[in-house]
Every structure is written in C-alpha cells, then in structure tokens.
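# Observations on chain architecture
Chain by chain, the residues run as shown.
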Amino acid sequence: KTIFVLGGPEPTYAPDAFPYADYLVAGALEATWPQLVGALANGEDIPDLPGLHGIPQFVQSWPFPYRESDLEHLKHRLVYYETSRGCPYQCAFCLSSAESSTAFLPMERVKKELRFFLDAKIPVVKLVDRTFNYPKERAKEIIAFLIEHYQPGVTFHFELKGELIDEEMLSLLISAPKGLFQVEIGVQTLNEEALRESRRHSQWQRVKEVYRKLIDAENIHTHFDLIAGLPHEDYLSFQRSFDQVMSIEPNYLQLGFLKLLPGTKLWNERTGHGYVAEPFPPYEVVRGNDIVPDELAVLKKI
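Bear in mind that the values here come from a model prediction, so they are computed numbers and not experimental data. (Residues numbered from 1 in each chain as written. Predicted model: local features only at pLDDT ≥ 70, side-chain atom pairs only at ≥ 80, totals over all residues. Heavy atoms only, no water.)

## Here we look at helix α9 (residues 235-246)
- Helix length check: α9 (twelve residues) gives 16 Å between terminal C-alpha atoms against 16 Å at 1.5 Å per residue, within 8%.
- Turning to α9, its buried residues number three or more, namely S237, F238, S241 and V245. With its buried residues spanning 100° around the axis, α9 presents them on a single face. Exposed residues lying more than 90 degrees from the buried face of α9 are L236 and R240.
- On its buried side, α9 packs onto β8 (181-188), α8 (204-216), β9 (221-228), β10 (252-257) and α11 (293-301). (Helix = DSSP H or I, 4+ residues; strand = E, 2+ residues; numbered from the N terminus. Expected span 1.5 Å × (residues − 1). Buried < 20%, exposed > 50% of the residue type's maximum accessible area, 1.4 Å probe, protein only. Arc of directions from axis to C-beta. Contact = heavy atoms within 4.5 Å.)

Here's what the structure looks like:
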C-alpha cells in the first residue's frame, strides 16, 4: 500500500528505469509536495497537478530551514544554504545544463538568513548556488554585506566563475577579513577542444592574473577544480592543464573525475566518446576514447 514518489536526475531523465514508481517529480519539490500529498489524501487526480514537472524555483511561503533549536547540533558543523537555483550556463557535464532558468531568493530574505548564521557563529556556511557570482551586482551586494557584518570564526564558502570577477568584485574580496571567505573556482580544463565540447568558455590568460591577485592577497582560501576524463583531453593534455593551474599556486587543487549524469549532454553522447562509466551513482567514467583506466588510476593515486 506504500506510494512511491521519486525525484532527482535518474527519474527525471531516465524514467523508464523506474516502473515501480507511482509518481515521478521533476524540479523543485517545495511547490509540488504539499499539492501532491493533499491530492493523494483527497483522492484527487494527480497527472494534472501543477508543478509535477517543475523548473528551478523558490516558494516564498516555505520557511527558513534552520531553527534556533538546531543551533546546539550545528555549532560544529558545515551548513548548506542556497540563495539561487539553476544556472545560466550550459556545461555539458553538469546537470544544471538540463534546466533552462534560474531563480533567486529576495535579497532582504538572504541578508536576514545570513545574519542567522553570523549571529549563531556557524563555523562554515557553504553556499550551494551553482554560480554564486551570477549576476555580478547581486553577488557583490552579498559579499559587501558579509564583510560589513563579519563575525570571527564564521567562514562562507562559495563557487565563483573567474570570467565574472571584475575589478570591483576583486577589490571587495581582497578587502575581506582573513578567514571570512573560501572560494571555489572550477577551471576543469585548459584544453581548447575539451572546452568547446563541454560548452565552456575560458579566458585563462586574462583570468589567471585575477586569480594571482586573489591568491597573493592571502586572506581567502582558494580552491581550484580540474576534471579528468573530459572529451578530447588525454593524459598528457590533462598534465598540461594541471601544470598551468599549479603555476598560480592555489591553496588547494581538487582533481575531480568526470561523472556521466543522466540528462547531461555528455550522457546523451556517451557512446560517441567511447565512455564506460560505473553503473551506480555517481556514474564515474572509467574509460573514454581519450583516456584509459590505467591513466585514470594514476590520477586517482595523485
């Protein structure tokens, strides 16, 4: 008698694999869930339910997910928070590329909720916005607010797109108290063919000078990402990408490995690229036309 409601990338983009599911829900659940549960309770027709195949959105009536009573439990933990959903970019390996819109919490609500973390002295707040500094002016307002209300011992972690860091944003970031910010920057690759196939655009020669200034300021922990296994990038090409990113001496370099996520461009084109991936989440690639398992194993050890 149990009713199964499934969501996430697999039911959304590979629904045939879930014949036992009663309902598949796509997009943000906050709008759909109360309607779905209410309709089930009342014996109403489900297929016509608005939002069953949703888009990135926020439901303003839903409350802030953290409570005063949670603080004792959270005071030594990393906390997730999002100010936006969706992403305007179409990276071929990212699930956000399957969505066509973005949504943002109102700025006054964001500031109020960020104050909660500051006042509670939560050690690390990770903003899970796909591209935190899009749009630029909105991100600058949030950064300035966090600097103004700085609390020692509280760190905010967010992901930046280097090409969107203008002089004003850079000045704001390097003016921040030491330890207030950790920034993550997804370089992923510097191979031009791999960038094109991944639907990414890099201005490495320009942005690396921005990165140098950010790193040299020594007030922000800098975390850079690379992805092994992208199309057209072999082992030697990945080595060149690695060397170039290491040349600017980031605090941390994460070597990631391509995941074939259902719904992404590379998942749809996996046969043409010769990809073989693990059959279970997160579907990590173990072979492609341009890289073999032994080479990926060496990178794993590194």
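Moving on, there is more to tell.
## Description of the packing of aromatic side chains
- According to the stated counting rule, one finds 13 aromatic pairs in the structure shown.
- Pairing F18 with Y20 gives two aromatic rings, centres 6.1 Å apart and planes at 75°, and the pair type is edge-to-face.
- For F18, a relative accessible area of 17% gives the class buried.
- Accessibility expressed as a relative area gives 52% for Y20, which makes it exposed.
- The interplanar angle of 55° and the centroid separation of 6.0 Å between the aromatic rings of W204 and Y211 together place this pair among those described as tilted.
- Overall, Y211 belongs to the buried group, its relative accessible area being 3%. (Phe/Tyr/Trp six-rings, centres within 6.5 Å; stacked < 30°, edge-to-face > 60°.)

## A short note on a nonpolar patch on the surface
- Together, L29, W33, V37 and W62 line one region of the surface with nonpolar side chains, adding up to about 360 Å² of accessible area.
- With respect to the helices and strands, L29 occurs in helix α2 (residues 29-42).
- We classify L29 as partly exposed; its relative accessible area is 40%. (Patch = residues over 30% accessible without salt bridge, like charges linked within 9 Å, V, L, I, M, F, W, Y side chains within 5 Å. Areas by Shrake-Rupley, 256 points an atom, 1.4 Å probe, with all protein chains shown as cover. Salt bridge = Lys/Arg side-chain N within 4 Å of Asp/Glu carboxyl O.)

## Notes on the pattern of salt bridges
- Within this structure, the stated rule accounts for 17 salt bridges.
- With its nearest N and O atoms 2.8 Å apart, the salt bridge here joins K75 to E72.
- On the basis of relative accessible area, E72 is assigned to the exposed category, the value being 58%.
- Between E137 and K140 there is a salt bridge, with its nearest N and O atoms 2.9 Å apart. In this pair, E137 and K140 are both assigned in helix α5 (residues 136-148), three residues apart and thus about one turn of the helix distant.
- For E137, a relative accessible area of 52% corresponds to the exposed category.

## Some points on the packing of helix α4 (residues 107-120) against α5
- At their nearest, the axes of α4 and α5 sit 11 Å apart, and the two run at 30° to each other. As judged from the angle between their axes, α4 and α5 are roughly parallel. Note that α4 runs across α5; the crossing there is right-handed. Where α4 approaches α5, its residues M107, V110, K111, L114, R115 and L118 are matched on the opposing element by R138, E141, I142, F145 and L146. (Axes fitted to C-alpha atoms, helices over the stretch in contact; angles between N-to-C directions. Parallel < 35°, antiparallel > 145°, perpendicular 65-115°, else oblique. Left-handed = near helix turned anticlockwise from the far one by under 90°.)

## A look at the environment of L296
- Note that L296 resides in helix α11.
- Relative accessible area serves as the criterion here: at 6%, L296 is assigned to the buried category.
- Considering only alpha carbons, one finds L296 and V276, 20 residues apart in sequence, at a separation of 12 Å.
- Setting aside its immediate chain neighbours within four residues, L296 contacts A228, F257, V285, V286, R287 and I291.

Everything listed here is a matter of geometry and, on its own, says nothing about what the molecule does.
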